[in-house]
Amino acid sequence: MSKFWSPFVKDLVPYVPGEQPKLSRLVKLNTNENPYGPSPLALEAMRAAIGDELRLYPDPNGERLKQAVADYYGVTPAQVFVGNGSDEVLAHAFHGLFQHGRPLLFPDVTYSFYPVYCGLYGIEYETVALNEQFEIDVADYQRPNGGIIFPNPNAPTGCLLPLAAIERLLAANPDSVVLVDEAYVDFGGQTAICLVDRYPNLLVTQTLSKSRSLAGLRVGLAVGHPDLIEALERIKNSFNSYPLDRIALAGATAAFEDRAYFEQTCRQVIESREALVARLQAYGFEVLPSAANFVFARHPAHDAARLAASLREQGVIVRHFRQPRIEQFLRITIGAPEQNQALLEALESALA
Ligand SMILES: *Cc1c(COP(=O)(O)O)cnc(C)c1O
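Values in this document were obtained by computation on a predicted structure and should not be read as measured data. Here the residue numbers are simple positions, counted from 1 along each chain's written sequence. Only residues with pLDDT of at least 70 get local features here, since the model is predicted, and only at 80 or more are side-chain atom pairs given and counted; chain-wide, interface and lining totals rely on the full set of residues. The side-chain figures draw on all heavy atoms in the structure; neither hydrogens nor water molecules are used.

**Quick word on the packing of helix H3 (residues 85–97) against helix H4 (residues 113–121)**
Part 1 of the reasoning: Between N-to-C directions, angles span 0 to 180 degrees; the directions come from axes that are lines fitted to C-alpha atoms, helices contributing only their stretch in contact. The helix and strand labels rest on DSSP assignments: H or I over at least four residues marks a helix, E over at least two residues marks a strand, and numbering proceeds from the N terminus. The contact between H3 and H4 brings their axes to 10 Å, and the two run at 50°. Overall, the two elements H3 and H4 adopt an arrangement that is oblique. The way H3 lies across H4 gives a crossing that is right-handed. Across the interface between the two elements, Asp 87, Glu 88, Leu 90, Ala 91, Phe 94 and His 95 from H3 touch Phe 113, Tyr 114, Tyr 117, Cys 118 and Tyr 121 from H4.
Part 2 of the reasoning: Each residue receives one of three labels: charged for Asp, Glu, Lys and Arg, nonpolar for Ala, Val, Leu, Ile, Met, Phe, Trp, Tyr, Cys and Pro, and polar for the others, Gly being one of them. Grouping the amino acids of the contact of H3 with H4 by side-chain chemistry returns 8 nonpolar, 1 polar and 2 charged. Here the angle decides the label: under 35 degrees means roughly parallel, over 145 means roughly antiparallel, 65 to 115 means roughly perpendicular, and every other value means oblique. Whether a crossing is left-handed or right-handed is set by the direction in which the near helix is turned from the far one by less than a right angle, anticlockwise for left-handed and clockwise for right-handed. Note on contacts: a residue pair is in contact if any heavy atoms of the two residues lie within 4.5 Å.

Here you go:
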């Protein structure tokens, strides 16, 4: 606290990201990064972008990247927005689409950045309880609102909401923006982008941080009706004209163009997830059905905080949230097979 601060700064409650430990020996299964490296073609494109041209500003509109995303999803570039990580895209959406003086709705157990953005932009919100199975029930969202947002699959549960339910939500809320945060959709979900032409109130966000292994590059995107995209562009151009640098634009475009590598690594993560779920269940864990690159699991006989501490002592880090309803769960990122094996061995000794 300082007299130099604008008054609202002292009331902000910032987001706390998962730990990025300095020790590289740790088996890091706490922030849902991809265990496989980025596409070799993306790495090559980024290396080629390092040179004399870095004296020039990047394309402020990221046109090549928008075209690559549009080609991938069969939409037009006018339906695509790109930003510095999907967190930035989400921030612009909160700022530009959710300030209507009516409460924004999101699940009680969800991505913990949502209430942070509400605090930053002075947006009122109401949380809607997930059902007993930790699923979203769209019938619970039938009340006056200034927008609806949820991840699909949800975080940190991993549970997937079927497209038919999303469509019911869109049809029931024609006067609000429904934002589907698809950070994990490539690991077993079906994208709602196929609905954007029919629902002008749908905005879908995605990130290259998880399924495209580029968390360190910071690239995210949104797809929706051009009017929604224009709101995001207006905010972005009132904030930072060049949120994506030349290296990020080159790498992200190449990553979108390299479908084969993307599909192969997603498949490997999904296979590892299914194998890990079976082993965790054999250890007595209850594991929520996951369509993401992580699982959310609890053990009926072992305290989650103590399990997380024991894993950490053994060099394996997972995420534990001290929050109502989920304090007995661990969120475990799917690693490469040898990392998952190290996790299972550490768990075995923690449970003994
Ligand atoms: C990881 C994540 C994001 C943020 O992705 P970045 O592009 O890395 O900013 C957004 N939403 C959810 C639900 C996430 O898990």
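Back to the write-up after that little detour.
**A closer look at the UniProt feature "domain: Aminotransferase class I/classII large" (unreviewed entry) in the protein**
Part 1 of the reasoning: UniProt positions are given in the numbering used here, feature names are shortened, and annotations may be inferred rather than shown by experiment. Those residues carrying the UniProt feature "domain: Aminotransferase class I/classII large" (unreviewed entry) are residues 26–347 in this numbering.
Part 2 of the reasoning: As a span, residues 26–347 carries 38% helix and 15% strand, and end to end its C-alpha atoms are 15 Å apart.

**Re the packing of aromatic side chains**
Part 1 of the reasoning: Ring pairs are drawn from Phe, Tyr and Trp, using the six-membered ring of Trp, whenever the two centres fall within 6.5 Å, and their geometry is named by plane angle: stacked under 30 degrees, edge-to-face over 60, tilted for the rest. Across all of its chains, the model carries 18 aromatic pairs by this definition.
Part 2 of the reasoning: With 5.2 Å between their ring centres and 85° between their planes, Phe 94 and Phe 98 make a pair best called edge-to-face. Considered together, Phe 94 and Phe 98 belong to a single accessibility category, that of buried residues.
Part 3 of the reasoning: When the centroid spacing of 4.3 Å and the interplanar angle of 10° are considered together, the rings of Phe 113 and Tyr 117 count as stacked. Residue Phe 113 and its partner Tyr 117 are located together in helix H4, separated by 4 residues, close to a single helical turn. The rule is simple: take the accessible area with a 1.4 Å probe, protein chains only, and divide by the maximum for that residue type; under 20% is buried, over 50% is exposed, in between is partly exposed.

**Let's talk about the site of the ligand**
Part 1 of the reasoning: The environment of the ligand is formed by 13 residues, the closest being Ser 86, Tyr 184, Thr 207, Ser 209 and Lys 210.
Part 2 of the reasoning: Note that an oxygen atom of the ligand is positioned 3.0 Å from one of the backbone N or O atoms of Asp 87.
Part 3 of the reasoning: Here a polar contact means two N or O atoms within 3.5 Å. Within protein one must be a hydrogen donor candidate and the other an acceptor candidate, and residues neighboring in sequence count only if both atoms are side-chain atoms. For the ligand, an oxygen atom lies 2.5 Å from a polar atom in the side chain of Tyr 184.
Part 4 of the reasoning: Only the protein chains shown count as cover for residues, and the accessible areas themselves come from Shrake-Rupley with a 1.4 Å probe. Look at the ligand: alone it shows 390 Å² of surface, and the protein chains cover 93% of it.
Part 5 of the reasoning: At 4 residues, H3 tops the list of elements feeding residues into the shell around the ligand.
Part 6 of the reasoning: Split into classes, the residues belonging to the shell around the ligand amount to 5 nonpolar, 4 polar and 4 charged. The near set for a molecule or strand comprises every residue that places at least one heavy atom within 4 Å of it.

**Some thoughts on helix H5 (residues 163–172)**
Part 1 of the reasoning: Every buried residue belonging to H5 is among Leu 163, Ala 165, Ile 166, Leu 169 and Leu 170, and all of these are buried. All buried residues of H5 project into a common sector of 160° when viewed along the axis, lining one side. Facing away from the buried side of H5 by more than 90 degrees, the exposed set consists of Ala 164 and Arg 168.
Part 2 of the reasoning: Next to the buried residues of H5 lie strand S5 (148–151), strand S6 (178–181) and strand S7 (202–207). Directions from the helix axis toward the C-beta atoms define the arc.

**Observations regarding the UniProt feature "modified residue: N6-(pyridoxal phosphate)lysine" (unreviewed entry) in the protein**
Part 1 of the reasoning: This chain's UniProt record puts "modified residue: N6-(pyridoxal phosphate)lysine" (unreviewed entry) on Lys 210.
Part 2 of the reasoning: Assignment of secondary structure puts Lys 210 in the loop between S7 and strand S8 (220–224).
Part 3 of the reasoning: If sequence neighbours within four positions are ignored, Lys 210 has contacts with Thr 31, Asn 32, Asn 34, Ala 183, Tyr 184, Phe 187 and Asn 293.
Part 4 of the reasoning: Among the polar contacts listed, one links the side chain of Lys 210 to the side chain of Tyr 184, at a separation of 3.3 Å.

**Quick look at the side chain of Thr 333**
Part 1 of the reasoning: Here Thr 333 is to be found in strand S12 (residues 329–333).
Part 2 of the reasoning: Classification of Thr 333 by relative accessible area gives buried; the value is 2%.
Part 3 of the reasoning: Side chain to side chain, Thr 333 and Asn 32 meet in a polar contact 2.7 Å long.
Part 4 of the reasoning: The contact partners of Thr 333, leaving out residues within four places of it in the chain, are Leu 29, Asn 30, Thr 31, Asn 32, Glu 33, Asn 293, Phe 294 and Asn 340.

**Details of helix H1 (residues 40–49)**
Part 1 of the reasoning: Regarding H1, the residues found buried are Ala 42, Met 46 and Ala 49. Mapping the buried residues of H1 onto a view down its axis gives an arc of 55°, with all of them on the same face. Exposed side of H1, more than 90 degrees from the buried face: Glu 44, Arg 47 and Ala 48 are the residues found there.
Part 2 of the reasoning: The elements touched by buried residues of H1 are helix H7 (246–257).

**A short note on the packing of H3 against helix H6 (residues 226–236)**
Part 1 of the reasoning: As a packed pair, H3 and H6 sit with axes 9 Å apart at the nearest point and diverge in direction by 105°. The orientation of H3 relative to H6 falls into the category roughly perpendicular. Residues Val 89, His 92, Ala 93, His 95, Gly 96 and Leu 97 of H3 form the contact with H6, whose participating residues are Leu 228, Ala 231, Leu 232, Ile 235 and Lys 236.
Part 2 of the reasoning: For the contact of H3 with H6, the class distribution of residues is 7 nonpolar, 3 polar and 1 charged.

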